[in-house]
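Given next are the chains, with one letter for each unit.
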Amino acid sequence: MGLFKKLKQGMGIGTVSFDLEFPAQVPAASGVIEGTIVLTAKSDQQINDVEVKLEREQTWEERVETFNTSTNQFDVRWETRTQTTTIAEWKDTTRFTLTEGETKRIPFRLVFPPMENPYGNAQDSDLWDIVANSLIYGTGWRDARIDFKVIGDADIEDAAFDKGDERIIVLM
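This one's a predicted model, so the numbers in the text were calculated from it and none came from an experiment.

*Asks:* Kindly report on the overall build of the chain, identifying the contributing residues and their values.
*Replies:* Along its length, the chain carries one helix and nine strands. Counting from the amino terminus, helix and strand elements in the chain follow one another as α-β-β-β-β-β-β-β-β-β. Counting over 172 residues, the chain shows a buried share of 37%. Carbon together with sulfur atoms contributes 48% to the accessible area of the chain, which is approximately 10,200 Å² in total.

*Asks:* Report on the sheet that holds strand S7 (residues 103–111), specifying residues and quantitative values.
*Replies:* Taken together, the three strands give an open sheet; going across it, the order is S1-S3-S7, and neighbouring strands pair in antiparallel fashion. Pairing within the sheet leaves two strands with one partner each, and these edge strands are strand S1 (16–21) and S7. Each adjacent strand pair in this sheet contributes to an overall mean axis angle of 20°, direction not counted. Of the pairings in the sheet, the one linking strand S3 (residues 32–41) to S7 comprises nine bridges and is antiparallel in character. The partner of Leu39 across the bridge, within S7, is Lys104.

*Asks:* So what's going on with the pairing of strand S4 (residues 45–68)? Which residues, and what values?
*Replies:* Alignment of S4 against strand S6 (residues 96–98), held across three bridges, turns out to be antiparallel. Looking at S6, one finds that Gln46 is bridged to Thr97. The pairing of S4 with strand S8 (residues 141–156) spans 14 bridges and is classified as antiparallel. Residue pairing across strands places Thr59 opposite Arg145, the latter belonging to S8. Bridge count for S4 against strand S5 (residues 73–92) is 19 bridges, and the pairing is antiparallel. Among the inter-strand pairings, Thr66 is bridged to a residue of S5, identified as Asp75. The hairpin formed by S4 and S5 contains four residues between the paired strands, and Asn72 there has a positive phi angle of roughly 55°.

*Asks:* So what's going on with the nonpolar core? Residues and values would help.
*Replies:* Ranked by size, the top nonpolar core spans 32 residues in total, and within it Ile33, Ile37, Leu39, Leu54, Leu110 and Val150 carry the most contacts. When residues of this core are traced back to their parent elements, those giving at least two are S1, S3, S4, S5, S6, S7, S8 and strand S9 (163–171). Broken down by element, the residue count for this core peaks at five residues, all from S8. Not counting chain neighbours up to four residues away, the residues in contact with Ile33 comprise Phe22, Val26, Leu54, Phe108, Arg109, Leu110, Phe112, Val150 and Ile169.

*Asks:* Hey, could you go over a nonpolar patch on the surface for me, with residue numbers and the actual values?
*Replies:* A surface patch of nonpolar side chains, about 310 Å² in accessible area, is lined by Phe67, Phe74 and Val76. Position of Phe74 among the secondary structure elements: in strand S5.

Reading the values: rules and limits
- Residues numbered from 1 in each chain as written.
- Predicted model: local features only at pLDDT ≥ 70, side-chain atom pairs only at ≥ 80, totals over all residues.
- Heavy atoms only, no water.
- Helix = DSSP H or I, 4+ residues; strand = E, 2+ residues; numbered from the N terminus.
- Buried < 20%, exposed > 50% of the residue type's maximum accessible area, 1.4 Å probe, protein only.
- Areas by Shrake-Rupley, 256 points an atom, 1.4 Å probe, with all protein chains shown as cover.
- Pairing = 2+ DSSP bridges.
- Axes fitted to C-alpha atoms, helices over the stretch in contact; angles between N-to-C directions.
- Core = buried A, V, L, I, M, F, W, Y, C linked by side-chain atoms within 4.5 Å.
- Contact = heavy atoms within 4.5 Å.
- Patch = residues over 30% accessible without salt bridge, like charges linked within 9 Å, V, L, I, M, F, W, Y side chains within 5 Å.
- Salt bridge = Lys/Arg side-chain N within 4 Å of Asp/Glu carboxyl O.

Remember that the coordinates give geometry; whether it matters functionally is a separate question.
Right under this line is the structure:
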């Protein structure tokens, strides 16, 4: 392998394209997301493993006050906070080789605990237990939301960065 190819490989350039195919919405009570990983090689590659996970991402803005000794006043700003929880994981550790231009489709199945109200009230989650009135005006919290994401990646031999894909899914 030439120097230029080694540099590209190490940085993950020209290795594979990684795409996730799955429904945009699934019933939350089903507890299952089925889909396919689509890998297309841009050059000959050794794939060590592929994995997919379902994550719940809770995001909110929190009011932060800091004392400014120059003005002897409190400076107030809003900071975005995030808490991410992995709900389900799937991994295939079977090593395989892809030749340039070859496409491989790998089915996956994420199994998660069935949910009745996945978005519900943000206060229903463990994060919000600490502040019962987190969504009430004037409490120092605002813009709370919950998103579910399906995230996948492939570990490529001799590449410093994994190739992957990430998309939001709606749990109905």
